[in-house]
Amino acid sequence: MNASLTSDHLRPVVQTRPVPGALIEALSQRFGQQLSLAQVVREQHGRDESSFSVPPPDAVVFAESAQDVCDAVKLAAQYKVPVIPFGAGSSVEGHLLAVQGGISIDVGRMNQVLAIHAEDLTVTVQPGVTRKALNEAVKSTGLFFPIDPGADASIGGMCATRASGTNAVRYGTMRENVLALDVVTASGELIHTGTRAKKSSAGYDLTRLMVGSEGTLGILTEITLKLYPLPEAVMAATCSFASLAEAVNATIQIIQMGVPIARCELLDAVTVRMVNTHSKLSLPESALLLMEFHGSPAGVQEQVETVQAIAAEFGGDTFEWAHTPEERTRLWTARHNAYFAGVQSRPGCKVISTDACVPISRLADALLDSVLETQASGITYFMVGHVGDGNFHMGYLIDPNSPEERATAEQLNHQLVRRALALGGTCTGEHGVGLHKMGFLVEEAGAGAVAMMRAIKTALDPDNILNPGKIFEL
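Everything in this summary refers to the structure shown in the same document. (Residues numbered from 1 in each chain as written. Predicted model: local features only at pLDDT ≥ 70, side-chain atom pairs only at ≥ 80, totals over all residues. Heavy atoms only, no water.)

Time to look at the side chain of Thr166. Residue placement: Thr166 occurs in the loop between helix 5 (155-161) and helix 6 (168-171). There is a polar contact of 2.7 Å between the side chain of Thr166 and the side chain of Asp148. A distance of 3.0 Å separates the side chain of Thr166 from the side chain of Arg263, its partner in a polar contact. If sequence neighbours within four positions are ignored, Thr166 has contacts with Asp148, Ala262, Arg263, Cys264, Glu265, Trp332, His336 and His386. (Helix = DSSP H or I, 4+ residues; strand = E, 2+ residues; numbered from the N terminus. Polar contact = N/O pair within 3.5 Å; in protein donor to acceptor, adjacent residues only side chain to side chain. Contact = heavy atoms within 4.5 Å.)

Applying the stated criterion across every chain yields a total of five aromatic pairs. A ring pair is formed by Phe144 and Tyr171, whose centres lie 5.6 Å apart and whose planes are at 90°; its orientation type is edge-to-face. Highlighted residues: Phe144 in strand 7 (residues 143-144) and Tyr171 in helix 6, separated in sequence by 27 residues. We classify Tyr171 as buried; its relative accessible area is 11%. (Phe/Tyr/Trp six-rings, centres within 6.5 Å; stacked < 30°, edge-to-face > 60°. Buried < 20%, exposed > 50% of the residue type's maximum accessible area, 1.4 Å probe, protein only.)

Take the side chain of Ser50 next. Take Ser50: it is sitting in the loop between helix 2 (39-44) and strand 2 (59-62). Residue classification places Ser50 among the buried positions, given a relative accessible area of 7%. In this structure the side chain of Ser50 is engaged in a polar contact, spanning 2.6 Å, whose partner is the side chain of Asp48. In terms of polar contacts, Ser50 uses its side chain to reach the backbone amide nitrogen of Phe52, at 3.4 Å. Each residue touching Ser50, except ones within four places of it in the same chain, is listed here: Ser91, Val92, Glu93, Gly94, Leu97 and Val351.

Among the nonpolar cores identified, the biggest contains 50 residues, and Leu244, Val248, Leu266, Met291, Leu367 and Tyr396 are the most heavily contacted of them. For Leu244, the contacting residues outside a window of four places in its chain are Leu266, Asp268, Ala287, Leu367, Leu368, Val371 and Met383. Membership of the second largest hydrophobic core comes to 26 residues, among which are Ala59, Val69, Cys70 and Val184. (Core = buried A, V, L, I, M, F, W, Y, C linked by side-chain atoms within 4.5 Å.)

When two helices pack together, their arrangement is captured by the angle between the axes and the distance separating the axes. Running from amino to carboxyl end, helix 10 (residues 269-279) crosses helix 13 (residues 338-345) at an angle of 90°, the nearest separation of the two axes being 8 Å. Here helix 10 is positioned roughly perpendicular relative to helix 13, judged by the angle of their axes. For the pair helix 10 and helix 13, the contacting residues are Thr271, Met274, Val275, Thr277 and His278 in the first and Ala338, Phe340, Ala341, Gly342, Gln344 and Ser345 in the second. Class assignment of the residues belonging to the contact of helix 10 with helix 13 gives a composition of five nonpolar, six polar and no charged. (Axes fitted to C-alpha atoms, helices over the stretch in contact; angles between N-to-C directions. Parallel < 35°, antiparallel > 145°, perpendicular 65-115°, else oblique. Nonpolar A, V, L, I, M, F, W, Y, C, P; charged D, E, K, R; others polar.)

With that settled, consider the environment of Ala309. Mapped onto the fold, Ala309 is located in helix 11 (residues 297-313). A relative accessible area of 43% means that Ala309 is categorised as partly exposed. Spatially, the C-alpha atoms of Ala309 and Ser240 are 14 Å apart, while their sequence positions differ by 69 residues.

Turning our attention to the sheet that holds strand 16 (residues 350-357). What the seven strands build is an open sheet, ordered 15-12-14-13-17-18-16; its pairing is antiparallel. Taken across any chain shown, the strands that pair with only one partner, and hence form the sheet edges, are strand 15 (319-322) and strand 16. For this sheet, the mean inter-axis angle between neighbouring strands, taken without regard to orientation, is 20°. Both strand 13 (residues 263-267) and strand 14 (residues 287-295) contribute to a ladder of five bridges, which runs antiparallel. When the bridges of strand 14 are listed, Glu265 appears paired with Leu290. Relative to strand 14, helix 9 (residues 244-256) is tilted by about 20°, and along the sheet it contacts strand 12 (233-241), strand 13, strand 14 and strand 17 (380-386). (Pairing = 2+ DSSP bridges.)

Moving on: helix 3 (residues 66-78). With 13 residues, helix 3 ought to run about 18 Å at 1.5 Å a step, and its terminal C-alpha atoms sit 19 Å apart, in line with that. Listed as buried for helix 3 are Asp68, Val69, Cys70, Asp71, Ala72, Val73, Leu75 and Ala76. Directly after helix 3, the chain includes Lys80, whose backbone phi takes a positive value near 55°. (Expected span 1.5 Å × (residues − 1).)

Where strand 8 (residues 178-184) and strand 9 (residues 190-194) come together, five bridges link them in antiparallel fashion. Bridge pairing in strand 9 places Asp182 opposite His192. Between strand 8 and strand 9, which pair antiparallel in sequence order, lie five residues; one of them, Gly188, sits at a positive phi of approximately 90°.

Another aspect to go through is a nonpolar patch on the surface. A surface patch of nonpolar side chains, about 600 Å² in accessible area, is lined by Tyr204, Leu206, Leu209, Met452, Ile456 and Leu460. Every element with two or more residues in the nonpolar patch is listed here: helix 8 (206-210) and helix 17 (447-460). With three residues, the top contributor of residues to the nonpolar patch is helix 17. Tracing the backbone shows Leu206 in helix 8. (Patch = residues over 30% accessible without salt bridge, like charges linked within 9 Å, V, L, I, M, F, W, Y side chains within 5 Å. Areas by Shrake-Rupley, 256 points an atom, 1.4 Å probe, with all protein chains shown as cover. Salt bridge = Lys/Arg side-chain N within 4 Å of Asp/Glu carboxyl O.)

Applying the stated rule across the entire model yields zero disulfides. In this structure Cys159 is not part of a disulfide, and its nearest cysteine sulfur, from Cys70, lies 17 Å away. (Disulfide = S-S within 2.5 Å.)

Okay, here's the thing in structure tokens:
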């Protein structure tokens, strides 16, 4: 199905551009202590959770306001030097790596919740606010922000990668939940897109263009989001199955029956074992669904009864319930820490992480074959899935000093992605393209669509300074 990979396929293209001393001097005069040239700081801003290793950026600007971002970009634009936005550093596909050198603009200090409009179910934040901090800030209003990609990512980064997470099956992704943006363009101009209104037919949808653009079209400095009422009743449960196929087919049936389940996560037996060890749990070490139900007490009870009946048809008749908020938190924290559980299971390893998403009816075809191929390869792995919306993740745990293991893991990734594309799916459901998925974009979207993307990029960023070398090459 795929050609063999060589070592050249596995390395990002690094073509650094010179950063003139005059630019560094201008940045130093403008930003003072907010500019760092320290090697350790640059290295921190030159790596994410991907397995790629490239030289760090030449300097780091710690922005504290939208004006800071505008001024940093204007100075970089004068010298046609790349700028790379940096949030929490939790991306997994190489999004923030300085493959063409340049200046990292860290927006982590822009971490204020600017306005809560509880009566309209909206909130406006700066990009450095993390999802946990946001929910802490709005909890007294009886509202919450449901998108949770696992890591305590920044809202700006979540917008940039069009993140989703465990609640997406009920509440959608960042695409559906961002209403308006303030964006710094490649010229250093600050523009505004969208409004707090629930809908609009006014002109091009620039908000959706920016959400998912991975920092290649602009740098976000203000974000307005939808909020949701905290559900009146919440119940969480685990359900074990004798086989992975039964768990997947039960999920397909739950979704096709229209059950408004809030979360439906899948772990295979290998991953459950890792999670048990890492989080000191005693979950049955077999294929496992983790589910959560939101609504009125009567509505939740109806959902539970329907799901129990469906699960029983596939042998999943043993439910264990998490009744209290503390029990639910422990369960979902363990799920979110599956990545770290995998890393702990093989000390010194590197993770090659990938995700794909397929139509729900093709989930079994995509997921089961991918797991079987991985098991047959001998590569250590973990597998988790937001299976309620057809999205699943594989993490290949490799010896960083073994070219053979890296090549095998990348071959498995290629097979997984091409299988998803053949089934009508996408090469990435929520990680984004970054560096790792660039080779698949033409296969998924087609040459004409990618040419249109390049035209948009060139029109908005003619000197290619905004996070260059990501999504596609110019």
